[in-house]
Amino acid sequence: FSFLPEIDSEYSFEINNHSFIDMIKKVSISFSYDVNRPAFNGAYVEILDNKMRMVSSDTYRLSLSEMDTNIEFQAEAIEPIIIPAKALNEIAKNLFEVDNIIVNLDSKQIQFEGNDIVFKARLIKGNFPHYNSVLPEGYRTKIIAETREMLLAIERATIISLSDERKSSSVICIVDDNNLFINS
């Protein structure tokens, strides 16, 4: 295999790795692996107002996660980038014991360093869609629920819907008088 050239390090900063891995886990559910749409094969990352935002989409789902940062330079100078999903998944698997990681970035590559481990990845070229236009500004209904209980109920409903020889595994959530009904 070919080695990536040395990184030019236009930007170098340190971030909390546990928060970064948490972001990866939250957006990984909507990574796409469609070779015809490379911009969706990773996470769109932007740094704004001491926050790092990571967004992914497979065109059916959109995931967004944010974390606070202490980046000391003008974050507006950093153009948003698309980091390949495979690279992010490897970082989550292999750098989970590291407290902070050093990120080096130039216009074509990104490098993550921690505990004598160095990951380099070529950035994905392309235009990620304007995700802000599909995010609702308000909500008609807001649900506050025990996350684990809700996920387990949805998982059970999904299993039932898959066993009915249907072509999709639709789960329907109905809210009625402070009750949430999950059907498949």
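Residues numbered from 1 in each chain as written. Predicted model: local features only at pLDDT ≥ 70, side-chain atom pairs only at ≥ 80, totals over all residues. Heavy atoms only, no water.

Section: the environment of serine 28
So, point 1. Here serine 28 lies in the loop between helix H1 (17-27) and strand E2 (42-48).
So, point 2. Measuring from C-alpha to C-alpha, the distance between serine 28 and lysine 125 comes to 19 Å, with 97 residues separating the pair along the chain. (Helix = DSSP H or I, 4+ residues; strand = E, 2+ residues; numbered from the N terminus.)

Considering the nonpolar core
So, point 1. One finds Phe20, Met52, Met54, Ile83, Ile110 and Phe112 to be the most contacted residues of the largest nonpolar core, which totals 33 residues.
So, point 2. With residues up to four places along the chain from it excluded, the contact list for methionine 54 reads Phe20, Met23, Ile24, Val27, Ala43, Tyr44, Val45, Ser63, Leu64, Ser65 and Leu88.
So, point 3. Ala39, Phe40, Ile124 and Tyr131 belong to the second largest nonpolar core, which has eight residues in total. (Core = buried A, V, L, I, M, F, W, Y, C linked by side-chain atoms within 4.5 Å. Buried < 20%, exposed > 50% of the residue type's maximum accessible area, 1.4 Å probe, protein only. Contact = heavy atoms within 4.5 Å.)

Notes on unusual backbone geometry
So, point 1. In the Ramachandran plot, asparagine 115 falls in the positive-phi region, its phi being about 50° despite a non-glycine side chain.
So, point 2. Along the chain, asparagine 115 turns up in the loop between strand E7 (109-114) and strand E8 (117-122).
So, point 3. In this structure, aspartate 177 takes a positive phi of about 45° despite not being glycine.
So, point 4. Tracing the backbone through its elements, the reader meets aspartate 177 in the loop between strand E9 (172-176) and strand E10 (179-183).
So, point 5. Here aspartate 177 falls in the exposed class, since its relative accessible area comes to 67%.

Structural notes on the pattern of salt bridges
So, point 1. Scanning the entire structure with this criterion turns up six salt bridges.
So, point 2. The closest approach of N and O atoms between aspartate 22 and lysine 26, which form a salt bridge, is 3.2 Å. On the criterion of helical spacing, the pair formed by aspartate 22 and lysine 26 is a turn pair, its members being four residues apart in helix H1.
So, point 3. By relative accessible area, which is 47% here, lysine 26 ends up partly exposed. (Salt bridge = Lys/Arg side-chain N within 4 Å of Asp/Glu carboxyl O.)

Focus on the sheet that holds strand E6 (residues 100-105)
So, point 1. Reading across from one edge, E1-E6-E7-E8 is the order of the four strands in this open sheet, with antiparallel pairing throughout. Lying at the two open borders of the sheet, with one neighbouring strand each, are strand E1 (11-16) and E8. When strand polarity is set aside, the average angle formed by the axes of neighbouring strands in this sheet is 20°.
So, point 2. Of the strands in this sheet, E1, E6 and E7 are in contact with H1, which crosses E1 at around 85°. (Pairing = 2+ DSSP bridges. Axes fitted to C-alpha atoms, helices over the stretch in contact; angles between N-to-C directions.)

Things to note about the packing of aromatic side chains
Given two aromatic rings, one states the distance between the centres and the angle between the planes to describe the pair.
So, point 1. Taken as a whole and judged by the stated rule, the model has four aromatic pairs.
So, point 2. Among the aromatic residues, those joined into a cluster by ring pairs are Phe40, Tyr44, Phe128 and Tyr131. (Phe/Tyr/Trp six-rings, centres within 6.5 Å; stacked < 30°, edge-to-face > 60°.)

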